[in-house]
Amino acid sequence: MKKIELEIVALSHSITQTHSYAVVLGEVNGLRRLPIVIGGFEAQAIAVALEKMHPSRPLTHDLMKNFMNAFTIDLQEIVICDLQEGIFYSKLICVSEHDTVEIDSRTSDALALAVRFGCPIYTYENILESAGILMEDPSGKKKTPREAVAAEASSGSSSSGHDDLKAMSIDELHTLLNEVLEQEDYIRAIAIRDEINSRKKGR
């Protein structure tokens with residue numbers, strides 16, 4: 001199965017849900033985005049590496065990298081390989097002098113390690129097809145992760161989290177999806193995307 005390369009394009013704080021974050025992966029040379037909900041600790045671990053910060057003591061993922069380096073093990077790539085009931089599954093492709101090993105990993109941990117090792121991130125077409133969001137604006141200006149961290153709840157718009165998605169028409173859902181994507185509230189966008197997909201399957 002052909003792999004599709006992704007890159008981290010944003011870390012987004014949810015406007016509507018406290019303590020919820022999404023790491024947003026973008027298709028390299030494409031317009032699709034794959035938002036993945038992660039916890040606050042995992043978001044911090046990714047942000048620290050993206051911003052090239054150096055904590056006084058190694059964080060868990062720094063410790064893992066140091067351990068692998070000490071035993072001459074390299075992280076060649078990570079693959080987001082499965083999606084079941086909204087949960088993404090990933091594997092680490094690790095290479096030593098004599099062997100190549102695949103290790104199961106939480107996707108958030110895999111991404112935190114990928115940033116530290118500078119290795120590529122991949123997924124498959126079926127995962128992007130079912131969980132990805134197509135960005136309609138091809139203006140092309142890419143934000144840095146620092147610029148792309150979403151603004152917190154200073155904008156009281158229709159994405160306040162109280163919309164009854166099931167009562168909305170498909171056109172209204174698409175309109176709302178575009179609105180929350182403009183605000184970079186990817187957590188909300190995931191819920192709207194899932195509602196649109198469930199309607200398509202129900203046809």
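- Per an unreviewed UniProt entry, the chain goes by BFN domain-containing protein and derives from Pseudobacter ginsenosidimutans.

**Some remarks on unusual backbone geometry**
Next up, step 1: Positive phi values are uncommon outside glycine, yet Lys 52 reaches one of about 55°.
Next up, step 2: When you line up the elements, Lys 52 lands in the loop between helix H1 (40-50) and helix H2 (60-70).
Next up, step 3: Despite not being glycine, Glu 85 shows a phi value in the positive range, around 50°.
Next up, step 4: Among the structural elements, Glu 85 can be located in the loop between strand E4 (74-84) and strand E5 (87-95).

**So, the pairing of strand E1 (residues 3-13)**
Next up, step 1: Burial analysis of E1 places eight of its 11 residues in the buried class, which makes it a mostly covered element.
Next up, step 2: Here four bridges tie E1 to strand E7 (residues 121-124), and the two strands are oriented antiparallel to one another. Among the inter-strand pairings, Leu 6 is bridged to a residue of E7, identified as Ile 121.

**Describing the pattern of salt bridges**
Next up, step 1: Using the criterion set out here, one finds 10 salt bridges in the structure.
Next up, step 2: Linking Lys 3 and Glu 77 is a salt bridge whose minimum nitrogen-to-oxygen distance equals 2.5 Å. Placement of Lys 3 in strand E1 and of Glu 77 in strand E4 is noted, with a sequence separation of 74 residues between them.
Next up, step 3: Look at Lys 3 and you get partly exposed, because its relative accessible area is 33%.

**Things to note about the nonpolar core**
Most often, soluble globular proteins have nonpolar side chains that are buried together.
Next up, step 1: With 30 residues, the main nonpolar core has Val 23, Leu 25, Leu 34, Leu 75, Ile 78 and Ile 121 as its most contacted residues.
Next up, step 2: Of all the secondary-structure elements, those providing two or more residues to this core are E1, strand E2 (21-27), strand E3 (32-38), H1, E4, E5, helix H3 (107-117) and helix H4 (125-131).
Next up, step 3: By residue number, the principal contributor to this core is H3, which donates six residues.
Next up, step 4: Excluding residues within four positions of it along the chain, Leu 25 makes contact with Leu 6, Glu 7, Ile 8, Val 9, Arg 32, Arg 33, Leu 34, Ile 36, Ile 80, Leu 111 and Ile 121.

The rules we used
- Residues numbered from 1 in each chain as written.
- Predicted model: local features only at pLDDT ≥ 70, side-chain atom pairs only at ≥ 80, totals over all residues.
- Heavy atoms only, no water.
- Helix = DSSP H or I, 4+ residues; strand = E, 2+ residues; numbered from the N terminus.
- Buried < 20%, exposed > 50% of the residue type's maximum accessible area, 1.4 Å probe, protein only.
- Pairing = 2+ DSSP bridges.
- Salt bridge = Lys/Arg side-chain N within 4 Å of Asp/Glu carboxyl O.
- Core = buried A, V, L, I, M, F, W, Y, C linked by side-chain atoms within 4.5 Å.
- Contact = heavy atoms within 4.5 Å.

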